[in-house]
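Chains, contacts and geometry: an overview
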Amino acid sequence: MLLAHFTDVHFGYEDRNAIDAATRYVEDNKPDAVIVTGDISQDGRADELDAAGEWMRALAAPVIVTPGNHDVPYYEPLGRLLYPWTRFHRAAHGLRTEAWHTPEWSIVPVNTARAWQLRANWAQGAISRGQTAEAGAELQKAAPGALRIVITHHPLDWPNDAPIKGQTIGGVRGLEALTNAGAELFLSGHLHFAAARLYGTRALCISSGTLSQRLRHEPPAFTAIRRPEPDVVEAEVLHVVQGRAQSASRRAFRLAGRGGADAPAQIRAGAPG
Ligand SMILES: [Fe+2]
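First, a word on scope: everything that follows refers to the structure included in this document.

The rules behind these values
- Residues numbered from 1 in each chain as written.
- Predicted model: local features only at pLDDT ≥ 70, side-chain atom pairs only at ≥ 80, totals over all residues.
- Heavy atoms only, no water.
- Salt bridge = Lys/Arg side-chain N within 4 Å of Asp/Glu carboxyl O.
- Helix = DSSP H or I, 4+ residues; strand = E, 2+ residues; numbered from the N terminus.
- Buried < 20%, exposed > 50% of the residue type's maximum accessible area, 1.4 Å probe, protein only.
- Donors = N, O, S within 2.8 Å, 3.2 Å for Na, K, Ca; no water.
- Tetrahedral: all angles 85-135°; square planar, octahedral: opposite > 155°, others 65-115°.
- Core = buried A, V, L, I, M, F, W, Y, C linked by side-chain atoms within 4.5 Å.
- Contact = heavy atoms within 4.5 Å.
- Patch = residues over 30% accessible without salt bridge, like charges linked within 9 Å, V, L, I, M, F, W, Y side chains within 5 Å.
- Areas by Shrake-Rupley, 256 points an atom, 1.4 Å probe, with all protein chains shown as cover.

1. Some remarks on the pattern of salt bridges
- Using the criterion set out here, one finds twelve salt bridges in the structure.
- Residue arginine 148 pairs with glutamate 184 through a salt bridge whose shortest N-O separation is 3.9 Å. Note that arginine 148 is positioned in strand S6 (residues 147-151) and glutamate 184 in the loop between helix H6 (171-180) and strand S7 (185-188), a separation of 36 residues in sequence. Here arginine 148 and glutamate 184 have matching classes, each one buried.

2. Some details on the coordination of the iron ion
- Each protein donor to the iron ion is listed here as Asp8 (OD), His10 (NE2), Asp39 (OD) and His192 (NE2); together their distances run 2.0 to 2.4 Å.
- Angles of 86 to 175 degrees at the metal separate the four donor atoms of the iron ion, which places the site in the irregular class.
- Here the donor residues for the iron ion map to a single chain with the spacing D-x1-H-x28-D-x152-H. Of this pair, histidine 10 sits in the loop between strand S1 (2-6) and helix H1 (16-29) while aspartate 39 sits in the loop between strand S2 (33-36) and helix H2 (46-58), placing them 29 residues apart in sequence.
- Looking at histidine 10, the relative accessible area reads 0%, which means it is buried.
- Since its relative accessible area comes to 2%, aspartate 39 is described here as buried.

3. Remarks on the nonpolar core
- By size, the foremost hydrophobic cluster in this structure holds 31 residues, and its most contacted members are Phe6, Val34, Trp55, Met56 and Leu211.
- Those elements that provide at least two residues to this core are S1, H1, S2, H2, strand S3 (63-65), helix H4 (86-91), strand S10 (221-229) and strand S11 (232-241).
- Among all residues touching methionine 56, those that are not within four sequence positions of it are Val36, Ile40, Val63, Val65 and Leu95.
- The next biggest cluster of nonpolar side chains, apart from the first, holds 20 residues, and it includes Trp105, Ile151, Leu187 and Ile225.

4. Points about unusual backbone geometry
- Even without glycine at this site, histidine 10 takes up a positive phi of about 50 degrees.
- The phi angle at histidine 190 is positive, at roughly 75 degrees, despite the residue not being glycine.
- Considering the arrangement of structural elements, one finds histidine 190 in the loop between S7 and strand S8 (195-199).
- Residue classification places histidine 190 among the buried residues on the basis of a relative accessible area of 7%.

5. Some words on a nonpolar patch on the surface
- Taken together, the side chains of Leu78, Leu81, Leu82, Tyr83 and Trp116 make up a nonpolar region of the molecular surface, amounting to roughly 540 Å² of accessible area.
- Among the structural elements, tryptophan 116 can be located in the loop between strand S5 (105-109) and helix H5 (129-139).
- Assessed through its relative accessible area of 39%, tryptophan 116 is described here as partly exposed.

In structure tokens form, the structure reads like this:
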């Protein structure tokens, strides 16, 4: 199984070289699926969202996409209020936006972006109890051997070493509840920063870098995810340098929920193999 995780492409302020490298990666490696965790546009304009949709539909692999905080009409208060997601869903036609179950994986998208929030920073996300319960119910439909994946734009629990600080409202509660509901892999964006860390003993949280020009301390990046053994998930971070995707790190994590090791462990790390 090979999954490619792209995020924060920010059409309107995209990095053309990074997008071309990601596109080539899909052509050359034929991942089973491409997962895009939001901020597909810069300002939620129709032309930006449509360009993003066109790019995703042209990829040589099936795509599932969930929106980010930049995918609402960013500078249009009326649009935020009246039709926050209309343009996103129009642009995403023909792509998967709902839970996707196969014998190998269940991918459950949760929209953590909000058009409005009762706090100054609308860019940060939220997951409601209702969304958590709904996603938990979707996870119950997973086939016995399927890897159970939850995808969100915002990390449910922000890594301490991330270049921007913040909090997803309900995120930590959601992370725990969804892990208890069987989620094994959480994929998110928003930080423009690659990170992979275990949550407890049973789940792995991966945050991927950006394919835009909005860089934060690292080159444009994306993640390749493999499952070399039923209870092992491997995260390979690829940096796009001078137009080429280069393996920057490759780490494998053993999860405890599959009846393998009692305690999880990062079993391999360091330079790409
Ligand atoms: Fe972003």
